[in-house]
Amino acid sequence: MKNFFFMIAVLCLAIDADATATAQQSGQTETRPNIILIMSDDMGYSDLGCYGGEIATPNLDSLADGGVRFTQFYNTARCCPTRASLLTGLHPHQAGMGHMTGTNRQLTGYRGDLNQNCATIAEALKSSTNYRAYCVGKWHVANQTKANGSKHNWPLQRGFDRYYGIISGAANYFDPQTLVRDNAAISPFNDPEYQPKEQYYLTRAISDNAVKFVKEHKEKTPNQPFFMYVAFTAAHWPMQAPEESVAQYRGKYDAGYAAIRKARYAKQKELGLISDQWELSPQAEDWNDVADKAWEARCMEVYAAMITELDKGIGEITASLKETGQYENTTILFLQDNGACAENIGREEKNVLINRPEQPQFEPIARDVVNPPLGNRTRDGYPIRRGVGATPGPADTFIAYGRGWANVSNTPFREYKHWVHEGGISTPLIVHSPKYVDKSMRGKFYREPGQLVDLMATCLDLAGGTYPKKYNGNKITPLEGITLVPGFSGKSLTRAKPLVWEHEGNRAIRVGSRKLVAKGEQGAWELYDLESDRSERNNLAEQYPREVETLSKQWNEWAVRANVLPCPWGNKNTDDDGIVPDKTPGLKLQFDFSDGKRKIAETSGKKNKFTVQGKINVSSQDGKAGRSFDGESYIDVEKSPAIHSAQTAWKAKAVFQSERPDGVILAYGGTRHGYSLFLKDGKPNFAVRINGQLFIATGQDTIVGRFVQLTGSITPEKKAELLVNGERLASVQLPDFIVQNPIERLQIGADLEGQTSGEDLPNFNGWIERIELYREQ
């Protein structure tokens, strides 16, 4: 009898082994689903057809018809924080990404780089399951975007097996910068693995490479499930799309903002997406005031084409799943990284080139050159065109679609990207999963709220994985979110924590249907009941002061726990356009090296912190910054309005002697707003950043090895002037004053917080006698 049972056991093991071998030979996968997480960029709540829009999105609409649509899902209002939160299941500040990459503000929550106390979804899956992981598209959570720098936060170093996309946050769609395959920087024209038959276009390249990875996975590792993160750059500025895609929208938007908003609002009600109680938010712009209506309509036509191109790409990804027999076992989630973007990039320039010249204006750059300087030109030598009248769409334009259309995209909500009112943080969430979305929910809406922090927990729930307490020897911050899987069957979510937000001082907390929200660090709290008023029209703060007090206390407790506080925003408050009003005239701030000229020297390495040897006396005409302190490269003098440069004429002076031809003398700002004085090849330069555009006035004589007084000035005529010892050497016309005060700190001898100059320059090495900042009358 014992021998009989022994023989049965051996036979069962043999059958099991044969079944396993058969499954491996036939390419059958494990029962755990493949997971594809797709995110678009800078789109509004109502842009998709299945969320009320008129833009053609048949593939996403089809996924919605066969899946479930969340009506109250939230992002974190901006590119980098959203990506950090999505990838880690934490609030962005807990992952070190309280603001944007490119700037380390020396605060735990604001490093501009994913920290080592968080794990990505790919890392969590790798540590607890046998999933493969692929990443395609926009990364934007690494401080270092250049291949010759540290890659510790690039996709392959954060758990992914393959990668194709851009490391930075925005790019020309026809010739993207920071393009990377796996760990190698590439040109779109020298990539041996991908050369499209037609013109290169980034949206198509992202979907094509996602398809490539789907098919490669089936061929090479058919017995493992996969996780794929697909982060499209569409529809982030610049508005660029193939002309044949734009053609289908010609004339579609000639009726203007209000007509399209009203049509979307009506469709959302008809779909049952929004409540009849919710009023339409205020109209941002008046179509009657638009001088060039054809140009303005064209902006929206290109934007719509970009979204349709994205939708086509998603259709190709789903088709590849069906072709390889993986569709039924794949869960697809689609969402957006923030609300629609009201930034006026490329729209406000005056006296700029509108029409394309007949001949190139620059020497062409070879197609195999990686990351060439293309800020104001194309690779084939044509200048980039901006301003009203420059037709958006082609590769030689760089234009955003503006606040009027962003207001349309966010129908019916208030505000935009950056802000944490509903228009800045509300996103569609479409979940399609033949295995996990119950038939009773297919084509239906799910109305309980969710947030980005829930996506890690959801993926781990689907994959059967566990969230790590440690990873690579580092303690991992506990998971913040909950699984959304019960919602796939219409069941309630078990959420104990409130939903919370902070970005650039804009802040909010939601408990149940009540939401407390404020604009700017000093902005007053507003209270809304989202069940009856999700468009945030009826402020209840005065009516319920105790509720405001209770919710604000909860927000502050979270802010301390989640590394939101301390924050770098100072006492700034912004209006709807992000402008910091500060026009106090005639203020002066001076840095004197107390016992004569002082040497500034690096400690080690170009990007390491360094100190000024000795003390600096700081005096201010406004009397708010007078003190003496041991100097470091970061000078924190935000209490003095004298350093603020927004919306006014001003100047910066430096008296110094440099020991080498390259180095930063003074920097205040980053890649969006600010200015810097620096040396390049021994020549003095004054760089100004306005809405991301770079303007540089350059002197032609070297000034190394002698003491000079270098002055950078923005004149009342809006010119950037460079002077040496009082003599004007160069001048550049600007489109405007600097429109917003930088949030970065003033730096003497370095530009560690962001490449204000557009150059990767070393720290200054030499002697500085005096720095003066002066706001003119």
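Just so it is clear, the structure is predicted and the values come from calculations on it, not from any experiment.

(A) Spatial organisation of the overall build of the protein. Within the protein, the secondary structure is distributed over 12 helices and 32 strands. Buried residues in the protein amount to 60% of all 777 residues. Partitioning the contacts of the protein with sequence separation of at least 6, the portion at a separation of at least 24 is 71%. In the form shown here, the protein has an accessible surface area of approximately 29100 Å², with 49% of it arising from carbon and sulfur atoms.

(B) Inspection of unusual backbone geometry at higher detail. Looking along the chain, the bond that leaves Trp237 and enters Pro238 is cis, with omega of 5 degrees. One can find Pro238 in the loop between β7 (226-231) and α6 (243-246). Phi at Asp42 takes a positive value of approximately 60 degrees, unusual for a residue other than glycine. Within the secondary structure layout, Asp42 lies in the loop between β1 (34-40) and α2 (58-65).

(C) Region of the structure containing the packing of helix α7 (residues 257-271) against helix α9 (residues 402-409). At their nearest, the axes of α7 and α9 sit 9 Å apart, and the two run at 15 degrees to each other. Judged by the angle between their axes, α7 and α9 are roughly parallel. In the crossing of α7 with α9, the sense of the turn from one axis to the other is right-handed. The segment α7 lies against α9, with Tyr257, Ile260, Arg261 and Arg264 engaging Gly404, Trp405, Asn407, Val408 and Ser409.

(D) View of the side chain of Thr330. Among the structural elements, Thr330 can be located in strand β8 (residues 330-336). If sequence neighbours within four positions are ignored, Thr330 has contacts with Asn34, Ile36, Leu321, His432, Ser433 and Pro434.

(E) Summary view of the packing of α2 against helix α8 (residues 293-323). In the contact formed by α2 and α8, the axes pass within 7 Å of each other and the chain directions differ by 55 degrees. For the element pair α2 / α8, the angle class is oblique. Contacts from Pro58, Asn59, Leu60 and Leu63 in α2 reach Leu310, Asp311, Lys312, Ile314, Gly315 and Thr318 in α8.

(F) Structural detail: the sheet that holds strand β15 (residues 506-511). Judged by pairing direction, the sheet is antiparallel, and its four strands sit side by side in the order β14-β15-β16-β17 without closing on themselves. Strand pairing shows two members of the sheet lacking a second neighbour, β14 (499-503) and β17 (526-529), which therefore form its edges. Taken pair by pair, the neighbouring strands of this sheet meet at an average axis angle of 15 degrees, ignoring direction. Of the pairings in the sheet, the one linking β14 to β15 comprises five bridges and is antiparallel in character. Pairing of Glu502 across the sheet is with Arg507, part of β15. Sheet strands touched by helix α12 (residues 545-561): β14, β15, β16 (514-518) and β17. Its angle to β15, the strand with the most contacts, is close to 110 degrees.

(G) Representation of the side chain of Glu343. Here Glu343 shows up in the loop between β8 and α9. There is a polar contact of 2.7 Å between the side chain of Glu343 and the side chain of Trp237. Apart from the residues lying within four places of it in its own chain, the contact partners of Glu343 are Trp237, Ala400, Gly402, Lys417, His418 and Arg672.

(H) Expanded view of the environment of Arg770. For Arg770, the position within the fold is in strand β32 (residues 766-775). Classification of Arg770 as partly exposed rests on a relative accessible area of 21%. Considered as a pair, Arg770 and Ala654 are 116 residues apart in the sequence and their alpha carbons are 5.8 Å apart.

(I) Summary view of the packing of aromatic side chains. Here the structure, examined in full by the defined rule, presents 25 aromatic pairs. Consider the rings of Phe174 and Tyr201, whose centres lie 5.3 Å apart with planes at 45 degrees: the pair is tilted. Placement of Phe174 in the loop between β4 (162-166) and β5 (179-181) and of Tyr201 in the loop between β6 (184-185) and α5 (202-220) is noted, with a sequence separation of 27 residues between them. For Tyr201, a relative accessible area of 1% translates into the label buried. Relative to Tyr401, the ring of Tyr303 has its centre 4.1 Å away and its plane inclined at 20 degrees; by these criteria the two rings are stacked. Placement of Tyr303 in helix α8 and of Tyr401 in the loop between β8 and α9 is noted, with a sequence separation of 98 residues between them.

(J) Fine view of helix α11 (residues 454-463). Summarising burial for α11: nine of the 10 residues are buried, a large majority. Two residues or fewer past α11, Gly464 is found with a positive phi of approximately 75 degrees.

(K) Examining the pairing of β14 more closely. In terms of burial, β14 is largely enclosed, as five of its five residues are buried. A two-sided burial pattern is seen for β14, the buried positions comprising Leu499, Trp501 and His503 on one face and Val500 and Glu502 on the other. In sequence, β14 turns back onto β15 through a hairpin of two residues, with Glu504 there showing a positive phi of about 55 degrees.

(L) Inspection of the pattern of salt bridges at higher detail. Counted under the stated rule, the structure contains 43 salt bridges. Notably, a salt bridge pairs Arg264 with Glu54, separated by 2.8 Å at the nearest N-O pair. Of this pair, Arg264 sits in helix α7 while Glu54 sits in the loop between β1 and α2, and the two are 210 residues apart along the sequence. With a relative accessible area of 24%, Glu54 lands in the partly exposed category. Between Arg561 and Glu480 there is a salt bridge, and its shortest N-O distance comes to 2.6 Å. A residue pair is termed long-range when its members are at least 10 positions apart, and Arg561 in helix α12 and Glu480 in the loop between β13 (474-475) and β14 qualify at 81 residues. Residue classification places Arg561 among the partly exposed residues on the basis of a relative accessible area of 44%.

Quick notes on the rules
- Residues numbered from 1 in each chain as written.
- Predicted model: local features only at pLDDT ≥ 70, side-chain atom pairs only at ≥ 80, totals over all residues.
- Heavy atoms only, no water.
- Helix = DSSP H or I, 4+ residues; strand = E, 2+ residues; numbered from the N terminus.
- Buried < 20%, exposed > 50% of the residue type's maximum accessible area, 1.4 Å probe, protein only.
- Contact = heavy atoms within 4.5 Å.
- Areas by Shrake-Rupley, 256 points an atom, 1.4 Å probe, with all protein chains shown as cover.
- Axes fitted to C-alpha atoms, helices over the stretch in contact; angles between N-to-C directions.
- Parallel < 35°, antiparallel > 145°, perpendicular 65-115°, else oblique.
- Left-handed = near helix turned anticlockwise from the far one by under 90°.
- Pairing = 2+ DSSP bridges.
- Polar contact = N/O pair within 3.5 Å; in protein donor to acceptor, adjacent residues only side chain to side chain.
- Phe/Tyr/Trp six-rings, centres within 6.5 Å; stacked < 30°, edge-to-face > 60°.
- Salt bridge = Lys/Arg side-chain N within 4 Å of Asp/Glu carboxyl O.

Read these as spatial facts, not as claims about activity.
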